[in-house]
Amino acid sequence: MKDYAQEFKDDIIAFRHATEQFYAGNLSVAEYKHISGGFGSYAQRGGKSGMLRLRLSGGRITKKHLQFIVENIEKYDIKRIHFTTCQTVQLHNLKPDTICELVTDAWRNGIITRGGGGDYPRNVMASPLSGVRQGEYFDVMPCALAAADYLLGFIKTVKLPRKLKVCFSNDPHDRPHAAFRDLGFVAKENLTFDVYSAGGLGNNPKMGVRVAENVEPGKILYYIKAMVDTFTTYGNYEKRAKARTRYMQDTLGEEGYCKAFQEKLTQALQTEDLTLSIQKLPITKKGNGTINHPRAIPQKQPGLYAVSYHPIGGCPSPAKLRELNNAIAAMEDVELRLTPDEGMYFIHCTAEEADKLIHLTEDGAATSFEASVACIGNRVCQVGLRDSQALLKACVNAIRPFSFTEGTLPKIHISGCPSSCGTHQIGTLSFRGAVKQTPDGPKAAFALFEGGSQELGKAHFANEICIMPEENIPKFFIELGQRISKDGLTYNKWIVNNKNTLVKLAKKYT
């Protein structure tokens, strides 16, 4: 891997100067955002503190990286940590000096924040259990790591219209949402990729266009180069709201976009030398013993397990991270993988190690509903309309006394605004921050969506049902859970014949 910490050394000096100027009141929020976003940092609501997003390719956190994160959380007394839907770690409520020191120290420890925000290639995502999942087609993590390294090289050489998100999926479950990213690689049984392009969530969401089939893993960089060249040629540099790859489907049409991509691909194949020799990540550890627990997933490596952990809202406590760091220090080859729904896995655990980690993570989600997704919310985010984290906690606390069985209520997705950082557009049930006009004046509310799916081949976006006052949403879930429990079904089975019932119930709470 290239020494990007050295290449971006001068950039850190410029970032530090801009940060000092902003917090001294000499730069506007917009001016500072234009600079700081490129380093994975944004000022929080109110402009008194900031956040930093750690770029973690493929959602992979090694022991060294976890040790760095934990030590600096303690060093700077950081109280708020958030796992994002792009498989990164966000550190919140940071003082200006802390932000600058963290950026520098992170780069020295192999965590590059450059391009964590702004108009740059963003964190490359991958299926979190790639390399260990039973039944996967092949391990895509080496491809994701190679792609991440390659994309960092564009930061100094190419001006993109806006952000570019790339991901790799190891099987049809498509956990990182390859079918609707700017560029998504989906593994196939014949050990190649299908490639999807120009998709995305947020305003005017689009499913990606399949631009290639049966792509050899060693050729992926040609497709990334073609994507970058297509975006810089046809992307909208004039109107920021439309400067995303998905809008090229509107301007070029699906067939026109495919043609444009193929032209850039042909050019890359003829003029570039980008063929990779994919090196597998070695796993030599052996396991013994067995464990039977819902959060212990047998790996394809005999005797080894992955352990799932989902802190509520994707916000683990600093003390818990320290506890987990201490626990895995002596566990051979154990590392963390962040998920696209704000959780994590510990992989390469023996049965004994898995049992220990399960007991250490009992504070996490106990059901799919508790493992719901929520963006960081408007108490932190400058553009957020509603407090997604507060809504999720209110719903979880309201539901717990009823002890509904697993699956009675589904995993939900909550976004504070249309940007879809909580991926509400693909949720089975989901919410987006809104305002409800009432005779007593406007009320804090969320729009309710139903019927989204991220399943490859059947993926589609959710439909809006109604706008519900925020205070009514926990009560809505209590009654919904009671109705489904009375029928003795899970939500996924119940909704098949009860969509009209759901709509009527939701409108009762509007």
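Data block above holds the structure.
Residues numbered from 1 in each chain as written. Predicted model: local features only at pLDDT ≥ 70, side-chain atom pairs only at ≥ 80, totals over all residues. Heavy atoms only, no water.

## A word on the packing of aromatic side chains
Piece 1. Summed over all chains, the structure comprises 19 aromatic pairs.
Piece 2. Between the aromatic rings of Tyr257 and Phe261, the centroid separation amounts to 6.4 Å while the plane-to-plane angle is 45 degrees, which identifies the pairing as tilted. With Tyr257 and Phe261 both in helix H8 (residues 247–271), this residue pair falls four residues apart, about one helical turn.
Piece 3. On the numbers, 6.3 Å between centres and 40 degrees between planes, the contact of Tyr491 with Trp494 is tilted. On the criterion of helical spacing, the pair formed by Tyr491 and Trp494 is a turn pair, its members being three residues apart in helix H13 (residues 491–494). Each member of the pair Tyr491 and Trp494 is classed as buried.
Piece 4. It is Arg114 that lies over the ring of Phe39; its NZ or CZ is 4.3 Å from the centre. (Phe/Tyr/Trp six-rings, centres within 6.5 Å; stacked < 30°, edge-to-face > 60°. Helix = DSSP H or I, 4+ residues; strand = E, 2+ residues; numbered from the N terminus. Buried < 20%, exposed > 50% of the residue type's maximum accessible area, 1.4 Å probe, protein only. Lys NZ or Arg CZ within 6 Å of the ring centre and 35° of its normal.)

## Describing unusual backbone geometry
One can expect most non-glycine residues to show negative phi and most peptide bonds to be in trans.
Piece 1. Phi at Gln87 takes a positive value of approximately 60 degrees, unusual for a residue other than glycine.
Piece 2. Within the secondary structure layout, Gln87 lies in the loop between strand E4 (80–83) and strand E5 (89–94).
Piece 3. Given a relative accessible area of 0%, Gln87 falls into the buried group.
Piece 4. Residue Ser420 is not a glycine yet carries a positive backbone phi of 65 degrees.
Piece 5. Of note, Ser420 is situated in the loop between strand E16 (412–415) and strand E17 (429–438).
Piece 6. Judged by relative accessible area, Ser420 falls into the buried class, the value being 4%.

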